[in-house]
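This is what each chain is made of:
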Amino acid sequence: MTDLIRSWIDSANSAETEFPLNNLPYGVFRNADGGLRCGVAIGDMILNVSRMEEDGKLDLPKPSIFAAGVWNDFMDLGPNVWADFRELLIKALAEGSPRQKELEFYLVPMSSVEMAMPFRVSEYTDFYAGRHHAFNVGTMFRGAENALPPNWLHIPIGYNGRASSVVVSGTDVRRPWGQLKGPEMDAPVFAPSKRFDLELEMGAIVGQHSDGPISVQEADDMIFGYVLLNDWSARDIQAWEYQPLGPFQAKATATTISPWIVTKAALEPFRTATPEREKELLPYLQEPGPMLYDIDLEVGLAPNDKAETTISRTNYNEMYYSAAQQLTHHASSGCPMRVGDLLGSGTISGPEKGNRGSLLELSWGGKEPLTLETGETRSFLEDGDRLTLRGHARGAGFRVGFGACTGKLLPALERN
Ligand code: MN
């Protein structure tokens with residue numbers, strides 16, 4: 001197992017921090033005058049790399065890479081620059097670095113700033129690539145015999161979502177209105193969703209553009225990093241609208257991502273393989289090596305800022321398809337991919353009841369409500385519920401995290 005790389009910033013050496021020197025995730029914060037600054041998390045501090053660039057302290061191949069206050073221009077520089085920059089940061093922040101005095105000036109306490117979107121989302125695509133989730137949902141709607149659609153073991157199924165509603169952790173989410181029609185109703189109504197839900201997912205960020213089909217290895221090389229992702233979902237809107245073209249308004253309200261992008265380089269020691277294939281994949285989708293990651297995931301639900309209950313614990317290694325396979329499939333038609341494209345993994349559920357990544361599964365469609373630590377029960381989300389996703393890859397005496405991915409559900413507007 002990989003060991004902790006010690007830093008001259010004490011808080012980065014703690015077993016509890018999500019941001020040891022091994023991690024160095026990339027985010028964006030607002031400084032005192034509201035300006036957007038690119039930063040790197042280290043312990044309980046943020047290294048202000050926008051300011052370092054302005055002061056000529058970084059050695060990047062182009063000027064004004066961080067001027068836009070998002071990481072897109074940096075991603076566009078490509079994997080060699082990503083690696084060089086990470087090496088520069090590790091050297092400068094490691095114990096015994098001669099640059100300590102110089103860099104102390106650029107540290108901002110994390111607790112003193114608000115985080116913003118770490119990158120400009122070019123386009124957002126969401127997949128349905130967790131086998132336990134697909135099996136559970138399919139069982140509820142079609143019975144266990146026909147749970148997986150016939151294409152599921154061959155294609156990483158996805159739909160084109162909305163980039164416009166991807167928001168950073170901490171943003172409140174408003175319960176949506178939509179067209180609803182239950183099986184017992186004669187005609188649809190337009191009303192606030194009653195079955196509003198979460199989906200525990202990981203998001204992969206595309207860091208290089210492509211124009212034409214790509215191999216799985218090329219796809220993996222194009223991925224810049226990963227975030228936690230909550231794909232807020234209105235189950236009742238979805239049930240009525242989804243045939244024949246898939247989800248639309250049910251998924252368009254909001255998608256929340258964690259404030260920190262954990263790079264592929266930081267996750268490298270935690271690589272793990274997708275599970276054995278039940279049906280052999282077509283050659284274009286076969287992986288040349290392990291392309292998933294061992295990342296413990298959990299979801300906390302806190303009603304109206306009361307005590308939080310952990311409602312789900314699972315792991316990213318439960319996915320059937322990796323992000324690289326999803327990206328390869330996405331580009332297989334010749335669809336160009338862009339820097340800043342976001343790919344949602346699909347809901348990550350594990351084999352046991354406590355591993356389910358959505359309330360739809362946890363409450364089995366509302367038939368088995370959960371009891372929270374406050375004594376309240378939940379089938380779907382209630383107004384005032386705060387959801388918090390957390391994720392950690394674990395090394396020897398340290399962990400690599402994404403920061404909390406949180407959002408509170410506000411009541412629907414009175415009229416729509
Ligand atoms: Mn989803």
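Here's a quick rundown of the structure. For clarity, every value in this text was computed on a predicted model and none was experimentally measured.

### Examining the coordination of the manganese ion
Here is step 1: Distances from the manganese ion to its protein donors, namely Asp126 (OD), Glu199 (OE), Glu201 (OE) and Asp231 (OD), fall within the range 2.1 to 2.2 Å.
Here is step 2: For Asp126, a relative accessible area of 1% corresponds to the buried category.

### Remarks on the layout of surface pockets
Here is step 1: A volume near 730 Å³ is recorded for the largest pocket.
Here is step 2: Lining the largest pocket are 30 residues, and of these Tyr128, Gln238, Tyr242, Gly246 and Pro247 lie nearest its centre.
Here is step 3: Among the secondary structure elements, those contributing two or more residues to the lining of the largest pocket are β6 (124-127), α5 (131-142), β7 (158-160) and α7 (235-241).
Here is step 4: The element that contributes the greatest number of residues to the lining of the largest pocket is α5, accounting for five residues.

### A few points about the sheet that holds strand β3 (residues 45-48)
Here is step 1: In spatial order, the strands read β4-β3-β2-β1-β5; together these five strands make up an open sheet with antiparallel pairing. Each edge of the open sheet carries a strand with a single partner, namely β4 (107-109) and β5 (114-116). The average angle at which neighbouring strand axes cross in this sheet is 50°, direction not considered.
Here is step 2: The pairing of strand β1 (residues 26-30) with strand β2 (residues 36-42) spans five bridges and is classified as antiparallel. Residue pairing for β2: Gly27 is matched across the bridge by Gly39.
Here is step 3: Against the sheet, helix α3 (residues 79-93) engages β1, β2 and β3, with an angle of about 70° to β1.

### A closer look at the side chain of Ser349
Here is step 1: Summarising the element assignment, Ser349 is placed in the loop between β22 (342-344) and α10 (359-362).
Here is step 2: Separated by 2.9 Å, the side chain of Ser349 and the backbone nitrogen of Gly357 make a polar contact.
Here is step 3: Dropping the residues within four chain positions of it, Ser349 is found in contact with His132, His133, Thr314, Glu318, Asn355, Arg356, Gly357 and Glu361.

### Considerations on the packing of aromatic side chains
To describe a pair of aromatic rings, you give the distance between the ring centres and the angle between the ring planes.
Here is step 1: Within the structure shown, the criterion is met by 21 aromatic pairs.
Here is step 2: An angle of 70° between the planes, with centres 6.0 Å apart, marks the rings of Phe74 and Phe224 as edge-to-face. Here the residue Phe74 occupies a position in helix α2 (residues 72-76), and Phe224 occupies one in strand β14 (residues 223-231), the gap between them amounting to 150 residues.
Here is step 3: Taken together through their ring pairs, the aromatic side chains of Tyr26, Phe66, Trp71, Phe74, Trp82, Phe85 and Phe224 make up a single cluster.
Here is step 4: It is Arg277 that lies over the ring of Tyr320; its NZ or CZ is 4.0 Å from the centre.
Here is step 5: Across the ring face of Tyr321, the terminal group of Arg277 is positioned such that the distance to the ring centre comes to 5.7 Å.

Calculation rules
- Residues numbered from 1 in each chain as written.
- Predicted model: local features only at pLDDT ≥ 70, side-chain atom pairs only at ≥ 80, totals over all residues.
- Heavy atoms only, no water.
- Donors = N, O, S within 2.8 Å, 3.2 Å for Na, K, Ca; no water.
- Buried < 20%, exposed > 50% of the residue type's maximum accessible area, 1.4 Å probe, protein only.
- 1 Å grid on protein atoms, 1.4 Å probe; cavity = no way out; pocket = protein on both sides within 12 Å on 5 of 7 lines; lining within 4 Å.
- Points joined across faces, edges and corners; volume = space filled by probe spheres on them.
- Helix = DSSP H or I, 4+ residues; strand = E, 2+ residues; numbered from the N terminus.
- Pairing = 2+ DSSP bridges.
- Axes fitted to C-alpha atoms, helices over the stretch in contact; angles between N-to-C directions.
- Contact = heavy atoms within 4.5 Å.
- Polar contact = N/O pair within 3.5 Å; in protein donor to acceptor, adjacent residues only side chain to side chain.
- Phe/Tyr/Trp six-rings, centres within 6.5 Å; stacked < 30°, edge-to-face > 60°.
- Lys NZ or Arg CZ within 6 Å of the ring centre and 35° of its normal.

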